Amino acid sequence: MGKDLTIRFNLNGMPVEFVGDPSVSLLTFLREEMNITSVKDGCSGQSACGACLVEVAGKAALSCSTPMGKIEGKEVTTLEGFPEKLRRILGRAFVAKGAVQCGFCTPGFLTRTKILLESNPDPTRDEVVKAVRPHLCRCTGYVKIVDAVLEAAAALREGRDVPFETASGIGVNSPKYAAVERALGTKPFVDDLRPEGLLHGVLKFSDHPRAKVLSIDVSEAEKAPGVVRVFTAEDIPGHRNVGLLVMDWPVMVAQGEETRYIGDVLAGVVADTEANARAARALIKVEYEVLEPLLDMEQAETSPIRIHKDGNLLAHTKIKRGNDVTEVLRNSAFTAKGRFRTQPIDHGFLEVECCVAEPKENGGVRVYSQSQGPYRERDEIASLLGLEQDKVEVIIVDCGGAFGGKEDMTTQGHAALYCHQLGVPVKVKLSRPESIRMHPKRHPAILDYEIGCDKNGMLTGLHARILGDTGAYASVGGPVMSRAGTHASGAYEFTDVDIEAKAVYTNNIPSGAMRGFGVNQATFALEVLVEELCEKGGFDPWQFRYDNALTEGRMVATGQVLGPGVGLRECLDAVKPAYKAAEYKGLACAIKNCGMGNGLTEVSKTILTINDGGSITLDHGWTEMGQGVHTIARQVLCEATGLCDVNVITPRVTTDSGAIGGPTTASRGTLLLGRAIIDAAAKLKADLETHTLEELVGRTYEGEFICDYTHANGKPGEIISHISYGFSTNLAVLDRDGKLERVVAAHDGGKILNPVLFEGQIHGGVAMGVGYALYEDVPVKDGYLTSEKYISLGIPKISKLPEIDVIGVESGDPEGPYGAKGVGEIGCIAAAPAIANAFHDYDGQARYSLPLEQPKKRS
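Note that this is a predicted model, so its numbers are computed, not measured. (Residues numbered from 1 in each chain as written. Predicted model: local features only at pLDDT ≥ 70, side-chain atom pairs only at ≥ 80, totals over all residues. Heavy atoms only, no water.)

A. Focus on the packing of helix α15 (residues 541-548) against helix α16 (residues 568-581). α16 packs onto α15 with a crossing angle of 170° between their chain directions and a minimal axis gap of 10 Å. Considering their axes alone, α15 and α16 lie roughly antiparallel with respect to each other. Side by side, α15 and α16 meet where Pro541, Trp542, Arg545, Tyr546 and Asp547 of the first sit next to Arg569, Leu572, Asp573, Val575, Lys576 and Tyr579 of the second. When grouped by side-chain class, the residues that make up the contact of α15 with α16 number six nonpolar, no polar and five charged. (Axes fitted to C-alpha atoms, helices over the stretch in contact; angles between N-to-C directions. Helix = DSSP H or I, 4+ residues; strand = E, 2+ residues; numbered from the N terminus. Parallel < 35°, antiparallel > 145°, perpendicular 65-115°, else oblique. Contact = heavy atoms within 4.5 Å. Nonpolar A, V, L, I, M, F, W, Y, C, P; charged D, E, K, R; others polar.)

Okay, here's the thing in structure tokens:
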């Protein structure tokens, strides 16, 4: 640390003085000292994401990498210092165009927009793209961000406001709930919360993927400046293990035990500031007996190393239907087979994991969380602390992206423990390197596939063996690989199937839920082989897929016969003109379940409370993470009751309400919550026939939807694996140099409740699929991270993405609210195989692993 200096400058037009270490970042000063929340910490000072952008002396500057020593005498401007009219126009433009999903990155984009438009008030689309290249957005796919910048430019030139859709109900572009506040950085994320007396906790991680912990010496850390207490496993009063389905993940590993991966926590330091806590953590001394790790998933079942006492096989799914598939394939006119490998990738959400816990009046704890499963989290924390469930309240703060990566607990258990033991509020926040180290990834997988068809191009048999590396802990590895198995036949009907899917433990970083949930891996393998069948049999790839496509009355791998609401052929029709016009192209189709299914009872409750003035609190149990569940909830309630103003409705998620939703996963939020709201709304609507809202103050209306009629066992044709399915077709188009130029994405949304939000979900999903196909990986070797840089994850910025055209298809799902189905996951599944097939079309080489090898330019 450097010598303390006094630094004077102007902040948003007002003189400010900083006294301290000149190497401290401007971001730290703005957030921690000035409580300015529009600047966000997405990359921990790596200059990788742009979420912290400010103006310094009229120029763009990343505040995370700008030391205080460089701003003496300068003018620093954040979004809070922009003229109010400009703030309004920028915020409304981004909301109106659907450019705000989770909103964590948006303040940085708004600041960039202001700087761009001051020098270029009428930019072209290409100029906007160039301007925003330094920024990262994981949600939107950037298309609507560029639209928003152009809309803001037009509004400023023309001296007008940006209009919002005012119609209520479904099928309209109702503005996303609280999105202007998100865009301007005034709606808090968890890290923006600062209750009185807040302390800060940091975690001490294992230095090795597998090692016996011989001793943990915290004596020096306890004496460090600002330290309140150092915690180890012995300080946990209740059950030490947590887990989504299997309670196998220790919140802290105890002395004398083995670590299972580099993200295992050994101790936690609580201090008056995060900086002091981190400095003290460096003083903790751990003595290890370093052990050989198990890192190869193919060796997991035969290795003498046992990750858990019951062995290394977590789950094994078998699906057999029809005749002997070996014989069926032998008698098929054409067959194709291959071994496929897919890589782990990181969710890359902009908002790193953070939790604030504060003492609750009843002697328990109140947890402010980003969790995708508040009720499950409440139960895990109660178990950890040895408390009754009613002593723990989990309040969901809208989170800055998740994509499945915030289903498992990371910081929540530690924050709750420290808070409960100390009796004061505690925040535990991961840095970006710690986030990469700790939270689960997409499963890397090995897939051995063989498929066949008859002489007319109709699919016959499918033989698949799928292996997934679930890493050190179970998370949801069993269901993920099971879903890979149940979707192994993709979006087509096969006469006979023989499928096995396994999840195994290793000492790698855990794998868990991620957008697509195992179906991405299976679809990649299948679609590459479909293309090979077409090549061998001389079949037109589009017609082959159309002929074999799932439709009403056809059967998926599990034996479920589909009913109405299957829009796959309509998706194929939608991309056909672009397919016929393209020279080098690849197709892929996808199916993805909505709802967990397979015999699990799924419950969604909602409670409507009428408040003074006729406002409505809508309690539910689903997490807003950028997908728009709050917005859709308000639209459905208006549609079901006839209310004309969505703004009277305020969504809320707290476990104290009892409005259970289950984890926000499996593309089921819209379906389950929508049905529960319709149930509650019917009761409210009946009262509104004779009363005004103001006359109903104090009344509550409860609604519920229970899906308890799926089942995985039985005869083919009788099985109902899932309540609903989404479908898509992606077309990847290359230019003459073999570069990915365009993706046309047709998706069946059942009924599109909000077109702008629907398009945004597909844009973002396709962008994630492109990253999976071409760029992304987790930099791990021998169980260790080889890089802690955000940029090393390979998440594409705007300059690496193609044009993305979205086509919405409506099939009218009979189970969904007004016919709607979830599209959060289906959006990212078909892009990678479509790109693989386009590369094959270009150079004649099939691809069997991700990320894909780029095609060689034609001579």
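B. Structural context of helix α10 (residues 374-385). Given a rise of 1.5 Å per residue, twelve residues ought to cover 16 Å, and the 16 Å separating the end C-alpha atoms of α10 matches this to within 8%. Taking burial as the measure, the twelve residues of α10 include ten buried ones, the bulk of the element. What α10 keeps buried is the set Pro374, Tyr375, Arg376, Glu377, Arg378, Glu380, Ile381, Ala382, Leu384 and Leu385. In this structure, the buried residues of α10 make contact with β9 (241-242), β16 (365-369), β17 (392-396) and α11 (412-422). Positive phi appears at Gly386, one or two residues downstream of α10, with a value of about 70°. (Expected span 1.5 Å × (residues − 1). Buried < 20%, exposed > 50% of the residue type's maximum accessible area, 1.4 Å probe, protein only.)

C. Broad picture of helix α3 (residues 106-119). Taking 1.5 Å of rise per residue, 14 residues should cover 20 Å, and α3 covers 20 Å from first to last C-alpha, within 8% of that figure. Among the 14 residues of α3, twelve are classified as buried, and the element is accordingly described as predominantly covered. What α3 keeps buried is the set Thr106, Pro107, Gly108, Phe109, Leu110, Thr111, Arg112, Thr113, Lys114, Ile115, Leu116 and Leu117.

D. Spotlight on the sheet that holds strand β31 (residues 803-809). Across the sheet, four strands lie side by side as β22-β27-β28-β31; this open sheet has mixed pairing. Across the chains shown, the open sheet's two edge strands, defined by having one partner strand only, are β22 (584-594) and β31. On average, each strand axis in the sheet is tilted by 15° relative to the strand beside it, whichever way the strands run. Pairing of β22 with strand β27 (residues 724-734), which is carried by eleven bridges, proceeds in the antiparallel orientation. Its bridge partner being in β27, Ala590 is matched across the sheet by Ser728. Relative to β22, helix α20 (residues 831-843) is tilted by about 160°, and along the sheet it contacts β22, β27 and β28 (740-748). (Pairing = 2+ DSSP bridges.)

E. Summary view of the side chain of Thr631. Inspection of the secondary structure puts Thr631 in helix α17 (residues 629-641). With a relative accessible area of 1%, Thr631 lands in the buried category. If near-sequence neighbours (up to four positions away) are discounted, Thr631 is found in contact with Ser174, Pro175, Lys176, Tyr177, Asn754 and Leu757.

F. The arrangement of the packing of aromatic side chains in detail. According to the stated counting rule, one finds 13 aromatic pairs in the structure shown. A ring pair is formed by Phe18 and Phe29, whose centres lie 5.4 Å apart and whose planes are at 80°; its orientation type is edge-to-face. Of this pair, Phe18 sits in strand β2 (residues 14-20) while Phe29 is found in helix α1 (residues 26-33), placing the two residues eleven residues apart along the sequence. According to the relative accessible area criterion, Phe18 is buried, its value standing at 8%. Their ring planes at 75° and their centres at 6.0 Å tell us that Tyr261 and Tyr473 sit as a pair that is edge-to-face. Of this pair, Tyr261 sits in the loop between β10 (249-250) and β11 (265-271) while Tyr473 sits in the loop between β20 (459-471) and α13 (477-486); the two residues are 212 residues apart in sequence, bridging distant segments of the chain. The exposure class assigned to Tyr473 is buried, which follows from its relative accessible area of 0%. Members of the aromatic cluster, connected to one another through ring pairs, are Phe9, Phe18 and Phe29. Positioned above the aromatic ring of Tyr579, the side-chain terminus of Lys585 is 4.5 Å from the ring centre. (Phe/Tyr/Trp six-rings, centres within 6.5 Å; stacked < 30°, edge-to-face > 60°. Lys NZ or Arg CZ within 6 Å of the ring centre and 35° of its normal.)

G. Examining the sheet that holds strand β13 (residues 313-321) more closely. Strand order in this open sheet of five strands is β13-β21-β20-β19-β14, and the pairing throughout is mixed. The sheet is open, and its two edges are formed by β13 and β14 (334-342), each paired on a single side. Averaged over neighbouring strand pairs, the angle between their axes works out to 5° when direction is ignored. Bridge analysis of strand β19 (residues 445-453) against β20 gives eight bridges, and the strand direction is antiparallel. The partner of Tyr449 across the bridge, within β20, is Ala464.

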